[in-house]
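Reading the structure
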Amino acid sequence: GFWRNAWNVDMMIAENGMSPVSNIVIKSLKYYHEPNDETFELNRVDGVSMEQLTHSRYITDIYGYCGTTSLQEFAGGNLAKFL
């Protein structure tokens, strides 16, 4: 995307196989965007919205957010067959 980098973290390696999930995604603001009140507010709205929709099977789980970064469920796969 334009605003954020998305980093796939293999939790089986990070947690020595003890994690209840196999992968998470760390989404962080790209370095060339200025962290300011607007970017903090946009990330807060994303985090609160995802938390409120956590029971929907159409929304990935969010594990936490702070500042301009969030930890989210990995949603891998190929969407080409749905387009």
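Quick note: structure is the one above.
Rules used throughout
Residues numbered from 1 in each chain as written. Predicted model: local features only at pLDDT ≥ 70, side-chain atom pairs only at ≥ 80, totals over all residues. Heavy atoms only, no water. Helix = DSSP H or I, 4+ residues; strand = E, 2+ residues; numbered from the N terminus. Buried < 20%, exposed > 50% of the residue type's maximum accessible area, 1.4 Å probe, protein only. Contact = heavy atoms within 4.5 Å. Areas by Shrake-Rupley, 256 points an atom, 1.4 Å probe, with all protein chains shown as cover. Lys, Arg positive; Asp, Glu negative; His and termini not counted. Charge placed at Lys NZ, Arg CZ, Asp CG, Glu CD. 1 Å grid on protein atoms, 1.4 Å probe; cavity = no way out; pocket = protein on both sides within 12 Å on 5 of 7 lines; lining within 4 Å. Points joined across faces, edges and corners; volume = space filled by probe spheres on them. Nonpolar A, V, L, I, M, F, W, Y, C, P; charged D, E, K, R; others polar. Salt bridge = Lys/Arg side-chain N within 4 Å of Asp/Glu carboxyl O.

**Section: the overall build of the chain**
Of the regular secondary structure elements, the chain holds two helices and four strands. Overall, the C-alpha framework of the chain stretches about 35 × 35 × 25 Å when taken along its three principal axes. Residues counted as buried form 22% of the 83 residues belonging to the chain. Within the chain, contacts between residues at least 6 apart in sequence are counted, and of these 45% link residues at least 24 apart. For the chain, the accessible area works out to roughly 6400 Å², and carbon and sulfur atoms hold 58% of it. Placing the 6 positive and 10 negative side-chain charges of the chain at their respective mean positions leaves the two points 10 Å apart.

**Concerning the layout of surface pockets**
Looking at the largest pocket, its volume works out to about 160 Å³. Lining the largest pocket, in full, are Ala 75, Gly 76, Gly 77, Asn 78 and Leu 79. Residues of the lining of the largest pocket, tallied by class, amount to two nonpolar, three polar and no charged.

**Let's talk about the pattern of salt bridges**
For the structure shown, the criterion picks out two salt bridges. Ionic pairing is found between Asp 46 and Arg 4, a salt bridge with its closest N-O pair at 3.0 Å. Residue Asp 46 is located in helix α2 (residues 37-52), and its partner Arg 4 is located in strand β1 (residues 4-10); the two are separated by 42 residues in the primary sequence. For Asp 46, a relative accessible area of 34% gives the class partly exposed. Salt-bridge contacts for Glu 41 lead to Arg 44; the nearest nitrogen and oxygen are separated by 2.8 Å. Here Glu 41 pairs with Arg 44, and both are found in helix α2, just three residues apart, close to one helical turn. According to the relative accessible area criterion, Glu 41 is partly exposed, its value standing at 36%. The exposure class of Arg 44 is partly exposed, given its relative accessible area of 37%.

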